[in-house]
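The lines below spell out each chain.
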Amino acid sequence: MPQPRTIIEKVWDAHVVKEEPGAPTLIYIDLHLVHEVTSPQAFEGLRERGLKVRRPDLTFGTTDHSTPTTPRSLPIADPVARTQVEQFEKNCREFGIPHFGFHSDGQGIVHVIGPENGLTQPGMTVVCGDSHTATHGAFGALAFGIGTSQVEHVLATQCLLQRKPKAYKVEVTGRLKPGVTAKDIILALIAKIGVGGGTGCVFEYCGPAIRALSMEERMTVCNMSIEAGARAGLIAPDETTFEYLHGRRFAPKGADWDAAVERWKKLPTDEGAAYDKQTSIDADALEPMITYGTNPGMGIPITAPVPSPEEVGDLLERDSLKKALEYMALEPGRPLLGRPIDVVFIGSCTNSRMADLRAAAEVLKGRKVAPNVRCLVVPGSQPIKRQAEAEGLDRIFKDAGAEWREAGCSMCIAMNGDQLNPGQYAVSTSNRNFEGRQGKGGRTFLASPLTAAAAAVAGKIADPRELL
Amino acid sequence: MKKFETFSSRLVPLPVDNIDTDQIIPARFLKTISKAGLGDQLFYDWRYDAEGNPKPDFILNQPRAKGAAILLAGDNFGCGSSREHAPWALTQFGFRAVISTSFADIFKGNALKNSLLPIEVPAEIHAELFQKVDENPDYEVTVDLARQKLVLAGGREVHFDVDPFAKQCMLEGIDEIGWILKHEDDIRAYEAAHPAPINTLAG
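Calculation rules
- Counting from 1, residues in each chain are numbered in the order their sequence is written.
- Chains and ligands are labelled sequentially in the order written, the chains with letters from A and the ligands with numbers from 1.
- With the structure being a predicted model, the display of local features is reserved for residues of pLDDT at least 70 and the display and counting of side-chain atom pairs for 80 or more, all residues being used for whole-chain, interface and lining totals.
- Hydrogen atoms and water are omitted, and side-chain values are computed over all heavy atoms in the structure.
- Note on contacts: a residue pair is in contact if any heavy atoms of the two residues lie within 4.5 Å.
- Summed over both partners, the accessible surface that disappears when two parts come together, traced with a 1.4 Å probe, is what is meant by buried area.
- Each salt bridge in this description consists of a side-chain nitrogen of Lys or Arg and a carboxyl oxygen of Asp or Glu lying within 4 Å of one another.
- Pairs of N or O atoms within 3.5 Å make up the polar contacts considered here, provided that, within protein, one atom can donate a hydrogen while the other can accept it, and that residues adjacent in sequence are counted only when both atoms are side-chain atoms.
- Strands here are runs of E lasting at least two residues and helices are runs of H or I lasting at least four, both read from the DSSP assignment and numbered beginning at the N terminus.
- Any residue outside Ala, Val, Leu, Ile, Met, Phe, Trp, Tyr, Cys, Pro, Asp, Glu, Lys and Arg is labelled polar, Gly included; the first ten of those are nonpolar and the last four are charged.
- Two strands qualify as a pair provided DSSP detects at least 2 bridges between them.
- An axis is simply a line fitted to the C-alpha atoms; with a helix, the fit covers only the stretch in contact. Between two such axes, the angle follows the N-to-C directions and lies from 0 to 180 degrees.
- Relative accessibility thresholds used throughout: buried, under 20% of the residue-type maximum; exposed, over 50%; partly exposed, between the two (1.4 Å probe, protein chains only).

Undergrad: Could you clarify how one ought to interpret the interface of chain A and chain B in this entry?
TA: Between chain A and chain B, the contact holds 77 residues from the first and 63 residues from the second. The junction of chain A with chain B conceals about 5,600 Å² of combined surface from both sides, 61% of it contributed by carbon and sulfur atoms. If you sort the residues of chain A by the area they bury against chain B, Gln41, Leu316 and Lys440 of chain A come out on top, with a joint share of 11%. With a shortest N-O distance of 3.6 Å, Asp175 of chain B and Arg49 of chain A are connected by a salt bridge. Applying the counting criterion to the chain A and chain B interface returns 26 residue pairs in polar contact (both at pLDDT 80 or more). For the side of chain A that touches chain B, the secondary structure elements donating two or more residues are β1 (16-18), β2 (25-28), α2 (40-49), β4 (59-62), α3 (79-95), α5 (148-157), β8 (159-162) and α11 (315-328) of chain A. For the side of chain A that touches chain B, the class distribution of residues is 32 nonpolar, 25 polar and 20 charged.

Undergrad: Sorry, what's going on with the sheet that holds strand β1 (residues 7-14) of chain B here?
TA: Two modes of strand pairing occur in sheets, parallel and antiparallel, and in both the strands are linked by backbone hydrogen bonds. All names here are of chain B. Spatially, the seven strands line up as an open sheet ordered β4-β3-β2-β1-β5-β6-β7, and their pairing is mixed. At either margin of the open sheet sits one strand with a lone partner, and together these are β4 (117-120) and β7 (157-159). Here the strands of the sheet are splayed against their neighbours by 30 degrees on average, with no regard to which way each runs. With three bridges connecting them, strand β2 (residues 70-73) and strand β3 (residues 97-100) associate as parallel partners. Counterpart to Leu71 in the pairing with β3 is Val98.

Undergrad: Is there a simple way to explain the sheet that holds strand β6 (residues 125-128) of chain A in this structure?
TA: All names here are of chain A. Taken in spatial order, the five strands line up as β5-β4-β3-β6-β7 in an open sheet, and their pairing is parallel. Edge strands, defined here as strands with exactly one partner in the open sheet, are β5 (99-100) and β7 (142-145). Contacting β3 (31-34), β4 and β6, α5 runs over the sheet at an angle of about 130 degrees to β3.

Undergrad: It is not clear to me how helix α4 (residues 105-112) of chain B should be interpreted in this structure. Could you clarify?
TA: For an α-helix the count is 3.6 residues per turn, leaving residues at separations of three or four pointing the same way. Judged by how many residues are buried, α4 of chain B sits mostly within the fold: six of eight residues are covered. Looking at α4 of chain B, one finds that the buried residues are Asp105, Ile106, Phe107, Asn110, Ala111 and Leu112 of chain B. Here the buried face of α4 of chain B lies against β7 and β10 (201-206) of chain A together with α1 (21-24), α3 (85-93), β4 and α6 (164-172) of chain B.

These figures come from the coordinates and say nothing about function on their own.
Listed below in structure tokens is the structure:
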């Protein structure tokens, strides 16, 4: 009997190129996604060393971070961003990398376009110079973010030096109640184990509540693995995965498809395989979650009060909470419900797919965005934008008084013109509430698309369950 | 990469847990296509006011930070994004090591590739170092990577772990890419045995 293995070990083992004493393992990368922000210095490195891209056929590029979400008929107003986007398109052309440029009808957020085009497949190793590469783990791929030096390594060699990660089992039992979503599962996990809880590990999400999720919802969960410190998080593939992938542009076709599905069915963790760590979340007990502080681990159920620093034992931790509440200008001990807000952002690689837009539209349909609120709805890709328009969602958003914008990272990263003003409060479906993340001095509450849309209507933090 | 040599330095204390890469260098400075000039943007929003003037109470603006090469930070340093601009900014400012109780994975990997040594110490040593620099801003320690020791004033030595391969690369000033490129035969053999699951040039 071979040793039972987790899906993490199976994918790892299948990609070992070389193991040598004293060195990390050399592993092969099946898919390398590149974008304009973390690649320019890597391409420059290739030029300096006289190297070419080893496997342009395993590489794909898109523009997303520094691209404005204003109408595409307008030029990129920021000259620094324009130069970066133009340099990226030039680099891709020079090194023969297929890509979606700023004006492409396929353009979108890197972690949206990979799955959308069937590039991300079960059992693959996927990397990108972006920490939210964990998203692709939803397909049972080992997918993680890398720095620019490693972007250069993969461009040049299609390989990376890596230490084998620890396996961390995250079991989500029970069933989500109405108004509670995939975003609430992941925010609850991060609140439970903290922003460093998964350091050195890869999560495997499992259990009935995970199995019941659609692929888009699974992507939301895996996306924020990094916010708990895990470089990757994955979900074993099943019929939901295969159904999503079938017929997509880069998915296998015909007999190749059947063979691929047979291979993919062998990926799930073997009975009796050992994990290094484990935890569980009870979906039955979950409420809509929202963050109150300046890291994604500072999250609470929407009806709960903001924690008090006095209740924290560790000194440095107490100071950090105090500092966070000062930055957020929040009083401890009081609930967030009813607190007025200025901006609602619905978008980002966490929550900009069709299911997210449909959820937001469900709340906004026939209602109005409160007059004190600016509400931005930003689809994850151009195909999503077209699909949403075909379904009439854009009309629902516009009729409600929300802005319907072009695809991109937008206000999640605030380096493209979409940003908060100092002091503003936003309910955001993105992934990070760090100080200044959405604009210098801006204050972020992370939540699901339902909770964000409910806040847009109420003009203050509101429980979405009351609007469903 | 420059060879990493033993050095002594004052510590710059930044007693905040979970310092994320958006604080180390805000995203709006990532529109650059080069590595130059990032040291001036290090901790920008903590370091400068709305008008761009240095905030005198922020530690990096104080005389004790001048010439110091070690940052002493709270738990879980470098969480958040994968931006290598974070270690680029830290090294350009003059830092050669960061001391914490723990580091985020991607930051740690990026730091090691840029000759910036992440030093993990036990919580009690961490607390002691903060206390020492509080009492004496000129308190110095020595970083000896070859022996994996942090040498405190008075000669007491604290061991730290470091990936042996990264350590060798840092001590010899070698980039990993050269090592990987030497394995061309292994890579080719792997490719021959494993047909690619996709072709981004077709489809």
